[in-house]
Structures are given as structure tokens and as C-alpha cells.
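Observations on the three-dimensional arrangement
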Amino acid sequence: EKAGYDHFMLKEIYEQPKAYRDTLEGRLFPRYPWTYLPELSLTPERLKQFRNVHLVACGTAYHAGLVGKMAIERWARLPAEADVASEYRYRSPLASPETLVIVVSQSGETADTLAALREAKRRGAHTLAVTNVVGSTAAREADDVLFTRAGPEISVASTKAYTTQLLVLYVLALHLARVRGTLPDAEIEPVVRALGELPEQAESVLQQAGEIRGYAQEIASREHLFFLGRGLDFAVALEGSLKLKEISYIHSEAYAAGELKHGTLALIEEGTPIVALATQPELMSKTASNVREAMARGADVLGIVGAGSPSLSERQLTLPDTHPALMPAIAVVPLQLFAYYAAVARGYDVDKPRNLAKSVTVE
Ligand code: F6R
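Everything numeric in this text was worked out from a predicted model, so none of it was measured. Here the residue numbers are simple positions, counted from 1 along each chain's written sequence. Totals for whole chains, interfaces and linings use all residues, but because this is a predicted model, local features are given only for residues with pLDDT of at least 70 and pairs of side-chain atoms are given and counted only at 80 or more. Heavy atoms from the whole structure form the basis of all side-chain values; hydrogens and water molecules are not counted.

Quick notes on the site of the ligand
- In the vicinity of the ligand, 14 residues are found, and the nearest of them are S105, Q106, S107, T110 and E246.
- Within the contact set of the ligand, an oxygen atom lies 2.7 Å away from a side-chain nitrogen or oxygen of S107.
- Between the ligand and K243, the relevant distance is 2.8 Å, taken from an oxygen atom to a side-chain nitrogen or oxygen of the residue.
- Reported accessibility uses the Shrake-Rupley method at a 1.4 Å probe radius. Residues are deemed covered only where the shown protein chains occlude them. Surface burial for the ligand is 90%, taken as the share of its 400 Å² of free accessible area covered by protein chains. Residues are counted as near a molecule or strand when any one of their heavy atoms sits within 4 Å of it. Whenever a nitrogen or oxygen atom comes within 3.5 Å of another N or O atom, the pair is scored as a polar contact, on the condition that within protein one atom can donate a hydrogen and the other can accept it, and that pairs from neighbouring residues in sequence are kept only if both atoms are in side chains.

Following this line, the structure appears as C-alpha cells:
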């Protein structure tokens with residue numbers, strides 16, 4: 001059932017190109033109206049009434065929510081917030097009938113996420129579940145549901161569920177933007193085209209697995225490392241860091257690259273490993289200067305950059321060229337592989353990390 005792969009996690013990482021195709025199937029058009037989400041009960045009139053969006057989830061799904069927040073704000077020009085579900089319900093959230101509350105959950109059974117969903121409903125918000133499991137509690141209880149169509153995810157560490165959540169949130173953000181008239185067709189078109197190219201690009205990133213494995217083996221004996229990035233790259237850094245901790249038990253921290261100098265730079269010493277993401281053209285020079293500060297203190301940097309970027313570090317991985325907003329969907333793939341190979345090198349049971357369950361049904 002692992003189809004020749006050593007672990008479910010690796011199989012699921014390699015299933016991503018297919019999962020991307022399945023997720024996008026029938027949901028995009030190369031021309032107006034661009035998006036097609038017939039499963040939504042929301043009429044264009046209702047979509048125009050929303051004043052704000054809350055994205056609520058746990059763990060990896062929360063990291064997808066962070067990317068969704070940025071896409072919705074940028075394209076649909078709606079104030080959006082992403083919250084960890086276990087915090088959301090206790091902070092008296094400003095959710096009203098004019099709020100779209102999106103809960104993101106692979107399983108659709110996470111207790112904290114369900115509690116947040118119920119809190120949002122209690123406040124009269126319109127709730128939308130983005131989930132992988134048909135018939136799950138979140139799918140049944142939310143007012144609307146968009147399925148991620150990733151196929152079964154067996155490994156505790158989430159991979160294809162996360163990337164397909166990103167894709168659904170991108171399509172939803174475009175849908176909101178189109179209906180609300182906040183993004184001209186000339187700006188929607190390149191995003192729609194780039195979404196269609198993501199499966200092949202994910203494929204080409206997977207071909208760089210050898211290089212990533214080498215780096216993972218080198219750092220496997222280290223006790224801590226950093227992931228750095230700005231904007232969308234910071235959201236991806238958080239996910240890369242969680243993945244690594246979860247299965248390799250190497251401590252890591254994700255930092256907004258510009259924040260490092262406000263305290264954490266003190267932890268950088270000779271040989272400290274840093275994975276630095278710089279996929280956003282307009283942030284490249286700023287991130288590069290933060291990385292130089294770390295290198296001046298002896299950090300050992302692996303750069304992950306977009307095609308055509310100037311060099312960030314001696315050792316770097318270049319991602320295929322896509323729309324900058326979509327970079328997370330390919331930039332996370334090397335980080336998944338990195339966590340996987342580091343855990344394998346340390347001899348751990350990748351699919352069943354200690355202390356963790358696939359679905360967390362207690363609050
Ligand atoms: C990390 C991971 C967890 C889950 C989280 C939410 O790899 O799998 O952080 O993402 O427990 O689970 P779902 O998405 O099922 O609500």
C-alpha cells in the first residue's frame with residue numbers, strides 16, 4: 001500500500017502533483033468567469049456582503065490559513081485574520097453575519113477547530129469548511145464546504161493535505177475577488193495560468209530531492225536550526241519548521257527574517273544551520289541583507305530562491321518560476337523532503353512520530 005515508497009509520508013509528498021490536478025479539476029477556467037465553485041451555496045450578492053474573513057485552524061492547516069489570509073487580503077481586499085483554533089474561541093472574536101469564517105482541517109474532526117466552528121456559528125457568521133474528508137464533522141456542520149481532494153493522508157505529518165488546502169484557498173480568494181470586482185481580469189489571468197502549471201512545477205521540485213537529502217543528512221546531527229523568510233515565505237518557514245520538529249525532533253524556529261535582529265541573532269553562532277526562503281521578488285533584497293547578517297556570524301545557510309533571483313547563499317536551491325503569490329505551493333515541497341530525510345537519517349519512525357496522533361479529538 002506504500003506503492004514502493006519506504007514511508008507513507010514520502011509517498012504522499014510524491015503524490016502532490018496528482019493531488020494538485022485533482023484539487024483544481026473543474027474549478028478554473030482560462031477566461032472569465034475564471035473560477036467555478038458550484039458547491040458553494042453563497043450567491044454573488046451574499047459574497048459581496050462580507051466585511052471580513054477569519055481563517056481558523058490548527059498546526060499545518062493554520063499555516064495554510066496564513067497563506068489564505070494573504071491571498072484574500074491582496075486579491076479580494078477583505079480584512080482577513082488567521083487564528084489558531086484553540087485561541088480563537090476564547091478571544092471573543094469579532095465575527096458577525098458579515099463575517100466569512102473559514103475553518104481549515106484535513107480530517108474535519110479536530111476538536112479545537114470544531115469548537116471554533118461552533119463559536120463562529122453561534123455569532124451568526126457564515127462558515128465554510130476546507131477539508132479533505134467527505135462526511136467529516138466539519139463538512140457536515142459548516143454552512144458550506146470545499147473539499148481538498150488530496151486523497152487519503154495516512155502519515156501523521158501532513159503534506160499533500162496542506163498544499164491542496166493552499167490551492168483551494170487560492171481559488172476561493174480569486175473567486176471572492178472576481179465576484180467583488182477587486183482584481184482586474186488582466187491580473188487574474190496570470191494567476192489562473194500559473195495555478196494550472198503548478199503540478200508540473202511540483203514535479204520538477206521533486207527531482208531535486210537528491211540535493212535536499214544531502215543537506216538533510218548533513219544537519220541531522222544538529223540540535224537546532226532556523227527557518228527564515230518574509231511575507232509568504234515566513235508562512236512557509238513556519239510550516240517547514242513544524243514539519244522538521246514533528247518527525248526529526250530537531251528543534252527549530254521559524255523567524256520573520258527582519259525580526260531576527262531584534263533578539264534572536266544572539267543565538268546564531270559558527271555553524272548554526274539556517275534555511276532561508278527568498279521567493280518574493282520585492283522582498284529579496286531585504287531578506288538577503290538579513291541572511292548576510294546571519295552569515296557574518298558564521299551561519300551555515302541553505303537558500304531557497306525563485307528562478308532569476310540573485311544569489312542568496314553559496315548553497316542554494318532554485319525553484320521553478322511561478323506567480324509570486326503561488327510560491328508557497330512549491331517552496332514547501334523541499335522543506336517537506338528536508339524534514340523527511342532528516343528524520344530518516346536519525347532513524348525515527350517517520351509515519352508515526354512520538355506523542356502525536358493523526359487526528360486530535362481533544363481540546
Ligand atoms: C502537522 C499536522 C498537524 C495538523 C493539525 C490539524 O503535520 O498534521 O499540525 O495539521 O493537527 O489537523 P486537521 O487538519 O486534521 O484539523
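Resuming the write-up.
A closer look at helix α11 (residues 232-248)
- Comment: elements are numbered from the N terminus, with helices defined as DSSP H or I runs of at least four residues and strands as E runs of at least two. A helix is expected to reach a length of 1.5 Å times the quantity of its residues less one. The first and last C-alpha atoms of α11 sit 24 Å apart over 17 residues, in line with the 24 Å expected at 1.5 Å per residue.
- Exposure categories follow from relative accessible area, calculated using a 1.4 Å probe and restricted to protein chains: below 20% of the type maximum is buried, above 50% is exposed, and the middle band is partly exposed. For α11, the buried fraction is high: 13 of the 17 residues fall into the buried class.
- Once α11 ends, the next one or two residues include Y249, with phi positive near 60°.

A short note on the nonpolar core
- Counting 95 residues, the largest nonpolar core has I72, W75, I102, L195 and F338 as the members making the most contacts within it.
- Throughout this description, the term nonpolar core refers to a set of buried Ala, Val, Leu, Ile, Met, Phe, Trp, Tyr and Cys residues connected via side-chain atoms within 4.5 Å. Grouped together as the second largest cluster of nonpolar side chains are 18 residues, V291, A299, V301 and V305 included.

A word on the packing of aromatic side chains
- The pairing test for Phe, Tyr and Trp rings, Trp by its six-membered ring, is centres within 6.5 Å, and the orientation test on the planes gives stacked under 30 degrees, edge-to-face over 60, and tilted for anything in between. Counting across every chain of the model gives seven aromatic pairs.
- Ring plane angle 45° and centroid distance 6.1 Å describe the contact between W75 and Y170, whose orientation is recorded as tilted. Of this pair, W75 sits in helix α4 (residues 59-76) while Y170 is found in helix α8 (residues 160-180), placing the two residues 95 residues apart along the sequence.
- Ring-pair connections join several aromatic residues into one group, and the members of that group are Y215, F227 and F338.
- One cation-aromatic arrangement involves R178 over Y32; the distance from NZ or CZ to the ring centre is 5.8 Å.
- When the ring centre of Y249 is taken as reference, the NZ or CZ atom of R354 above it lies at 3.8 Å. Only when the NZ of Lys or the CZ of Arg is both within 6 Å of the ring centre and within 35 degrees of the ring normal is a charge said to sit over the ring.

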